[in-house]
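Architecture and fold: a report
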Amino acid sequence: MKIRAIELSNVRHFAGRRASLSGIGDGITVLSEPNEFGKSTFFDALHALFFEKHRSSKAPVKALQPHAGGAPEVTVEVDLPEGRFQITKRWLSRATARVNDANGRIVALDDEAEAWISQLLGAGLAGPSGLLWVRQGLMGLEPEGRSAEDNRERERGLAARRDLMSSVAGEIDMMTGGRRMDGVLDRANAALARLATTTGKPKAGGEWARAVDEAAILDAQEHGLRAKMLQLGDGLRRRSEVMRSQAALAHPQAVAARDTAVAEARAAHQSAVAHAEKLLATARDLTLADLTVDVASKDITRLERLSERVRVAAAAQKTAVDKASLALTRAEEISARHRSAAETADAAAVQVRGLRQRLAAAQKAQMANSARQRAGELARLLARAMELQQHLQADRALRSLLKVTPQAIASAEKSQTLLDRLTAQSEAQAVTLQFSYSGAARAVTPAGVVDDAPQKLHNPTDFDLPGLGCLRIDPGAARGADLGAGLAEVTAALAKHLAGCGAADLADARRQLADAQRLDGALQQTALLLADVAPDGVDALRQAHVTAQTEAGDADGPAEDAAALEALVTAAEVTAAEQLATAKTAHALAVAAGEHRAQTEADQKSAERAAIEAADEAGDLAALAQALTDLRVALPDLKQRAAEVTALSARLKADAPDLETAAARLARASSASDQSRREADLLREELVGLNTRIELLAEQGIEETLDEITGTRSAAKARAARYEAEVQALSRLRRSLEDARAKARDAYFGPVMRELEPLLAILHPGAALQIDDQSLLPVALTRDGQPEALDILSGGTREQLAILTRLAFARLFARGGQTVPVILDDALVHSDDDRIEAMFTALHRVAKDQQILVLTCRQRAFAALGGERAKVVVTPA
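Residues numbered from 1 in each chain as written. Predicted model: local features only at pLDDT ≥ 70, side-chain atom pairs only at ≥ 80, totals over all residues. Heavy atoms only, no water.

Let us now look at the overall build of the chain. Secondary structure summary: the chain contains 18 helices and 21 strands in total. Contacts spanning at least 24 positions in sequence make up 72% of the contacts within the chain whose residues lie at least 6 apart. Taken as a whole, the chain presents about 50,400 Å² of accessible surface, with 54% of it coming from carbon and sulfur. (Helix = DSSP H or I, 4+ residues; strand = E, 2+ residues; numbered from the N terminus. Contact = heavy atoms within 4.5 Å. Areas by Shrake-Rupley, 256 points an atom, 1.4 Å probe, with all protein chains shown as cover.)

Aromatic ring pairs are defined here through the distance separating the ring centres and the angle between the ring planes. This structure, assessed with the given rule, holds five aromatic pairs. Here the aromatic rings of Phe 14 and Phe 42 are separated by 6.2 Å at their centres, their planes lie at 65 degrees, and the arrangement is edge-to-face. Of this pair, Phe 14 sits in the loop between β1 (2-9) and β2 (17-21) while Phe 42 sits in helix α1 (residues 39-51); the two residues are 28 residues apart in sequence, bridging distant segments of the chain. Both residues of the pair, Phe 14 and Phe 42, count as buried. Three or more aromatic residues link up through ring pairs in this structure, and these residues are Phe 435, Tyr 437 and Phe 463. (Phe/Tyr/Trp six-rings, centres within 6.5 Å; stacked < 30°, edge-to-face > 60°. Buried < 20%, exposed > 50% of the residue type's maximum accessible area, 1.4 Å probe, protein only.)

Count 3.6 residues to each turn of an α-helix, and residues three or four apart come out pointing the same way. Given a rise of 1.5 Å per residue, 15 residues ought to cover 21 Å, and the 21 Å separating the end C-alpha atoms of helix α18 (residues 833-847) matches this to within 8%. Looking at α18, one finds that the buried residues are Ile 836, Ala 838, Met 839, Phe 840, Ala 842, Leu 843, Val 846 and Ala 847. At the N-terminal boundary of α18, the capping side chain belongs to Asp 832, with an oxygen 3.3 Å from the backbone nitrogen of Asp 834. (Expected span 1.5 Å × (residues − 1). Polar contact = N/O pair within 3.5 Å; in protein donor to acceptor, adjacent residues only side chain to side chain.)

Looking at the element boundaries, Arg 4 is found in strand β1. Residue classification places Arg 4 among the buried residues on the basis of a relative accessible area of 14%. Separated by 3.1 Å, the side chain of Arg 4 and the backbone oxygen of Ile 24 make a polar contact. A polar side-chain atom of Arg 4 sits 2.8 Å from a polar atom in the side chain of Asp 79. Every residue in contact with Arg 4, bar those within four places of it in the chain, is listed here: Leu 21, Ser 22, Gly 23, Ile 24, Gly 25, Asp 26, Glu 77, Asp 79, Arg 84 and Gln 851.

Position of His 54 relative to the elements: it lies in the loop between α1 and α2 (59-62). A relative accessible area of 1% places His 54 in the buried class. Here the side chain of His 54 touches Arg 55 through a polar contact of 3.3 Å, side chain to side chain. Discounting chain neighbours no more than four positions away, the residues touching His 54 are Lys 89, Arg 90, Trp 91, Leu 92, Ala 95, Thr 96, Ala 97, Asp 110, Asp 111 and Glu 114.

Before going further, it helps to examine the pattern of salt bridges. Applying the stated criterion across every chain, the model contains 20 salt bridges. Put simply, Glu 7 and Arg 18 hold a salt bridge, and the shortest N to O gap is 3.3 Å. With Glu 7 in strand β1 and Arg 18 in strand β2, this residue pair connects regions lying eleven residues apart in the sequence. Notably, a salt bridge pairs Arg 12 with Asp 44, separated by 2.9 Å at the nearest N-O pair. One end of the pair, Arg 12, is in the loop between β1 and β2; the other, Asp 44, is in helix α1, with 32 residues separating them in the sequence. Taking the relative accessible area as the measure of exposure, Arg 12 reaches 23% and is therefore partly exposed. (Salt bridge = Lys/Arg side-chain N within 4 Å of Asp/Glu carboxyl O.)

On to the confidence of the model for the chain. Looking at the chain, pLDDT values average 78 and 87% of them are 70 or higher. When the criterion is pLDDT under 50, residues 164-179 qualifies, and its contacts beyond four places in sequence or with other chains add up to 29 contacts. (pLDDT = per-residue confidence, 0-100.)

Before going further, it helps to spend a moment on the sheet that holds strand β15 (residues 768-771). Two modes of strand pairing occur in sheets, parallel and antiparallel, and in both the strands are linked by backbone hydrogen bonds. Strand order in the open sheet formed by three strands is β15-β16-β17, with antiparallel pairing between adjacent strands. Of all strands in the sheet, those bounded by a partner on one side alone are β15 and β17 (786-789). Strand-to-strand twist in this sheet, taken as the mean axis angle between neighbours without regard to direction, amounts to 30 degrees. Sheet topology places strand β16 (residues 778-783) next to β17; four bridges connect them, and they run antiparallel. When the bridges of β17 are listed, Ala 780 appears paired with Ala 789. (Pairing = 2+ DSSP bridges. Axes fitted to C-alpha atoms, helices over the stretch in contact; angles between N-to-C directions.)

The next thing to look at is the packing of helix α17 (residues 795-815) against α18. Their axes nearest at 11 Å, the elements α17 and α18 cross at an angle of 5 degrees. It follows from the interaxial angle that α17 and α18 lie roughly parallel. Of the residues in α18, those in contact with Thr 797, Gln 800, Ile 803, Leu 804, Leu 807 and Arg 811 of α17 are Arg 835, Met 839, Ala 842, Leu 843, Arg 845 and Val 846. A class-by-class count of the residues in the contact of α17 with α18 yields seven nonpolar, two polar and three charged. (Parallel < 35°, antiparallel > 145°, perpendicular 65-115°, else oblique. Nonpolar A, V, L, I, M, F, W, Y, C, P; charged D, E, K, R; others polar.)

Time to look at helix α12 (residues 538-552). Counted at 1.5 Å a residue, the expected span for α12 with its 15 residues is 21 Å, and the 21 Å between its end C-alpha atoms agrees. Among all positions in α12, only Val 538, Leu 541, His 545, Ala 548 and Ala 552 are buried. Down the axis of α12, the buried side of the element spans an arc of 80 degrees, and every buried residue falls inside it. Across α12 from its buried face, at more than 90 degrees, point the exposed residues Asp 539, Gln 543 and Thr 550. (Arc of directions from axis to C-beta.)

With that settled, the discussion passes to the environment of Thr 260. Mapping Thr 260 onto the fold places it in helix α8 (residues 252-401). On the accessibility criterion, Thr 260 (41% relative accessible area) is partly exposed. Each C-alpha atom, one on Thr 260 and one on Ala 669, is 9.3 Å from the other, the two residues being 409 residues apart in sequence.

There is a patch of like negative charges on the surface, built from Asp 832, Asp 833, Asp 834 and Glu 837. We classify Asp 834 as exposed; its relative accessible area is 65%. (Patch = residues over 30% accessible without salt bridge, like charges linked within 9 Å, V, L, I, M, F, W, Y side chains within 5 Å. Lys, Arg positive; Asp, Glu negative; His and termini not counted. Charge placed at Lys NZ, Arg CZ, Asp CG, Glu CD.)

Let us look at unusual backbone geometry. The phi torsion at Glu 36 lies on the positive side, around 70 degrees, for a residue other than glycine. Of note, Glu 36 is situated in the loop between β3 (28-32) and α1. Its identity is not glycine, yet Arg 94 carries a phi of approximately 50 degrees, on the positive side. Tracing the sequence through the fold places Arg 94 in the loop between β5 (83-90) and β6 (96-101). Given the relative accessible area of 65%, Arg 94 is considered exposed.

A few words now on the sheet that holds strand β21 (residues 872-876). Across the sheet, which stays open at both edges, the seven strands sit in the order β7-β6-β5-β4-β1-β2-β21 with antiparallel pairing between neighbours. On the outer flanks of this sheet lie β7 (106-109) and β21, each paired with one strand and no other. Direction aside, neighbouring strands of the sheet carry axes that sit 15 degrees apart on average. With five bridges connecting them, β2 and β21 associate as antiparallel partners. Within β21, the position partnered with Ser 20 by the bridge is Val 873. Relative to the sheet, α1 contacts β1, β2, β4 (73-80), β5 and β21, its axis offset from that of β1 by approximately 105 degrees.

One recurring pattern in soluble globular proteins is that nonpolar side chains are buried together. Residues Ile 3, Ile 6, Phe 50 and Trp 116 are the most contacted members of the largest nonpolar core, which totals 40 residues. When residues of this core are traced back to their parent elements, those giving at least two are β1, β2, α1, β4, β5, β6, α3 (111-122) and β19 (852-856). Looking at this core, the element that brings in the most residues is α1, giving eight residues. Those residues in contact with Trp 116, other than ones at most four positions away along the chain, are Leu 80, Phe 85, Ile 87, Val 99, Val 107 and Ala 108. (Core = buried A, V, L, I, M, F, W, Y, C linked by side-chain atoms within 4.5 Å.)

A word on the pairing of β5. Direction of pairing for β4 relative to β5: antiparallel, over a ladder of eight bridges. Bridge pairing links Glu 73 to Arg 90 in β5. Taking the residues between adjacent antiparallel strands as the criterion, β5 and β6 are bridged by five residues, where Leu 92 takes a positive phi near 75 degrees.

Structural data, given as structure tokens:
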């Protein structure tokens, strides 16, 4: 069976809508959609279709009902060997079950449809959720819950596996090897159970365990006694060593040597401390001497600078007073010169203004005379411009009537040339016919009676000959038709060109072109003349004439000589400019002199203030001089004292012992002496403890007790060895029996293991699965010879093994002619990147003859799976 399409109506969140999943292929088909899309809804709906009666209202059915209520409906199209069928179930309201064939005919309805589905399930689909279909969240091969539905699911899966295995490997009895084997195994297991546990260890309370425990107890006692003997020997040896060490530490010479070393080290350290203190005091004296010299030197420098400052301030004050007096005299002289220069410049400026007024009146009179002359010239030019403008307008009117262009003439000439050539060809190809009549009868054409003049025939012509019949003369129908068409086309083109020129013929067009070219030349020449007469246009020329007339009307009487006045104005302006420059120079000098006077007065005040400050700071000048003399006398003595202290400090540093070394020697000697005392105390304490332990061990009679225990232990070990040999023999017997039964079991599990091994090798090369006899499911994975129970493996590994086992069962179904689809709902959620790609390879290995439908929300991860991509179409119900 292969599923081709699934359609849900009013199921869960598809309430009031129809969701269709179609286009499911023969191999791998992937429906990859995000969470909450409804993939698991398709899985649960498919499960309900096959395993829930249409009249059922159990939890799996109610789980399909949307929150708004209504009747859920599921339709599945399947391909069977008999053809394609459509299975439909509706629950809760107007419940029904229906099977239709490919033509839409109803094959079975309600209970008959349920029976039809049961028969289909009996063909190998029983228990799909436990055998071939993987629900979301199911990691193992069976449901892990304990509900009644989970139990039914497990029983259904077990029944399906038993039927499948029996069909390919025979009956289960092959595994037992007969009841006698079971009896022997039971007796061997009972004997082993009395002596050993299932892992081969001695059983608690059994004979073997008692013998082993007794031997172990005696072993422990013997080991304890031997340890005590070793302790006794070690204690005696250690007591001798402690006594020797005590004697060495307490020897008088050793004690005296330690005391002498401590005393010498302490004396050396005290001497080094005293020398260091003396060196420190010398350093303090040196610092004080250097500081005294430095203070004296700085005081001398300060007093010298103060004395010099008083002297310089007094000299600066005298210089500033002299400069201020000189600057005042100089400023007054320059100010007088500035006033005289300003008065002279003002007089020169008044003279210049008077001359300029006279010059402006003379120039105005001259401009009026010039305007009268210019108005006459402009009147003449205006008349000439208006005449030229009239000629220009007339010629433009004539030129606008002539539409001919050189290009149009060229096109017309080209058409005329072609027309002449075609006409000549037509004349050359025409037939000349001439009748010579001897009686009254005449030839007749559709155009009329033909006289005896020559006739040019260009086209086929029929002549009616009275008394004779009809004569048809054809000068060449094809050539005549072509020439006629060409002549008509060229004649039309020539007429079009001439019409565009507005000419009757080509000669008229050429005359019009000559007239147009003559008018173009005349227009160009007239335009040039007009531009020369009136460059800015006639209106501008007319306005200039009006302006000149206006200006000429202001002239009144004779004017002064403008040239002479201009000379006088120029001379007066030069004189005025010189006077003004002199005044400006005098002003600048006066300003500078004033500023210089102000600066010298400010400098005088500053010098006076500085002299007062210096005098105040110096105080009594005689006392200042005496203090400076005293410091200069005392400075050499201070420097001599500093030099002596420096020399003493250098000698002390050269002779100083190493204080840290002396301290280290004292610490070492003291530590060695203290350590000797502590070691002597510890040895005394250890010797007391050793004596006590030796006395206690000697009182226990260890050697006699050890001999007795050794004999008893040997007997117990011999008894335990006999029981161990018996257990080994029974274990070998059981293994032989189990090996014999394993061969029978291999014959039973062989088919599924042959299908499973190549799939398992893709994921775990060299690994093997162990299948349980009762559940017929894998229970352990063996890798590198180490078996591991499935329940201790990671979730991802268990999930992968469960899917591989389902694929192996699917292969067995296919080999038995029962193709059953594998459906995985969000499986492989716990697989890493490498394992998931290996699982994809396993799926493709099986998919070559097996339908696999994968529902997943991991869109990127399952892109590498390949296969066909299914889509869900949702439409209103």
